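One letter stands for each residue in the lines below.
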Amino acid sequence: ELAYNNIKTLPNEFGATSALTYINLSFNPLTKFTVPVPFSLKKLHLGFCELNQLPPNLSDCYNLEDLFISGNHIDDLPLIPNLLKIYASNNSFVTF
């Protein structure tokens, strides 16, 4: 649980954390998410992070079931194979 901090960037090693299944980075001023997310993630919460784009490898995260991205500026959502829940209100989607 890392929500409500002042995290602006994540280290490149973040994508190599193979045991991580859940992370909540909501309400951090990330703006960009340029590092890959761990393939082990089942839940990823990035709400209200001022994001314009999602992590680059999100469509390859076959374990991801729960994605919270509400309150950002995202206009494109990739196909995520096993996603069961998505919370994506208050973004910039034109089509879905």
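Quick note: structure is the one above.
Read on for an overview of the structure. (Residues numbered from 1 in each chain as written. Predicted model: local features only at pLDDT ≥ 70, side-chain atom pairs only at ≥ 80, totals over all residues. Heavy atoms only, no water.)

**Looking at the overall build of the chain**
The helix and strand inventory of the chain stands at zero helices and four strands. Listed by position from the N terminus, the elements making up the chain come as β-β-β-β. Its C-alpha atoms give the chain a radius of gyration of 12 Å, near enough to 12 Å, the size a compact globule of 96 residues would have. Counting only C-alpha atoms and orienting by the principal axes, one finds that the chain spans roughly 35 × 30 × 20 Å. Counting all 96 residues of the chain, 39% fall into the buried class. Long-range pairs, those at least 24 residues apart, make up 9% of the contacts in the chain with a sequence separation of at least 6. (Helix = DSSP H or I, 4+ residues; strand = E, 2+ residues; numbered from the N terminus. Rg over C-alpha atoms; globule rule 2.2 N^0.38 Å. Buried < 20%, exposed > 50% of the residue type's maximum accessible area, 1.4 Å probe, protein only. Contact = heavy atoms within 4.5 Å.)

**Re a nonpolar patch on the surface**
Side chains of Tyr4, Phe27 and Phe48 sit close together on the surface and give an oily, nonpolar patch of about 330 Å² of accessible area. Relative to the helices and strands, phenylalanine 27 resides in the loop between strand 1 (22-24) and strand 2 (43-45). (Patch = residues over 30% accessible without salt bridge, like charges linked within 9 Å, V, L, I, M, F, W, Y side chains within 5 Å. Areas by Shrake-Rupley, 256 points an atom, 1.4 Å probe, with all protein chains shown as cover. Salt bridge = Lys/Arg side-chain N within 4 Å of Asp/Glu carboxyl O.)

**Thoughts on the packing of aromatic side chains**
Evaluation of the coordinates by the stated rule reveals four aromatic pairs. Through a chain of ring-to-ring contacts, three or more aromatic side chains come together here, namely Tyr4, Phe27 and Phe48. Here the guanidinium or amino end of lysine 43 rests over the ring plane of tyrosine 22, the centre of that ring lying 6.0 Å away. (Phe/Tyr/Trp six-rings, centres within 6.5 Å; stacked < 30°, edge-to-face > 60°. Lys NZ or Arg CZ within 6 Å of the ring centre and 35° of its normal.)

**Some points on the nonpolar core**
Core analysis: the largest hydrophobic core is formed by 21 residues, its most contacted members being Leu30, Phe33, Val37, Leu44, Leu46, Leu58 and Leu64. In contact with valine 37, not counting residues within four places along its chain, are Phe14, Gly15, Leu44, Pro55, Asn57, Leu58 and Cys61. (Core = buried A, V, L, I, M, F, W, Y, C linked by side-chain atoms within 4.5 Å.)

**Examining the environment of asparagine 24**
With respect to the secondary-structure elements, asparagine 24 resides in strand 1. Take asparagine 24: its relative accessible area is 10%, and that puts it in the buried class. Sequence separation between asparagine 24 and cysteine 49 is 25 residues, and the spatial gap between their C-alpha atoms is 11 Å. Not counting the four nearest positions on each side in its chain, asparagine 24 is found in contact with Glu1, Leu2, Ala3 and His45.

**What about unusual backbone geometry?**
Non-glycine residue phenylalanine 27 carries a positive phi angle of around 60°. Exposure remark for phenylalanine 27: the relative accessible area of 35% places this residue in the partly exposed category. Positive phi is not limited to glycine here, since glutamate 50 has a value of about 65°.

**Details of the sheet that holds strand 4 (residues 85-87)**
Think of a sheet as strands paired side by side through backbone hydrogen bonds, with each pair either parallel or antiparallel. Taken in spatial order, the four strands make up an open sheet running 1-2-3-4, and their pairing is parallel. Of all the strands in the sheet, just strand 1 and strand 4 have a single pairing partner and so form its edges. Adjacent strand axes in the sheet meet at a mean angle of 5°, parallel and antiparallel pairs treated alike. (Pairing = 2+ DSSP bridges. Axes fitted to C-alpha atoms, helices over the stretch in contact; angles between N-to-C directions.)

**Focus on the state of the cysteines**
In this structure the tally under the stated criterion is zero disulfides. The thiol sulfur of cysteine 49 is not disulfide-bonded, and the nearest other cysteine sulfur, from cysteine 61, lies at 16 Å. (Disulfide = S-S within 2.5 Å.)

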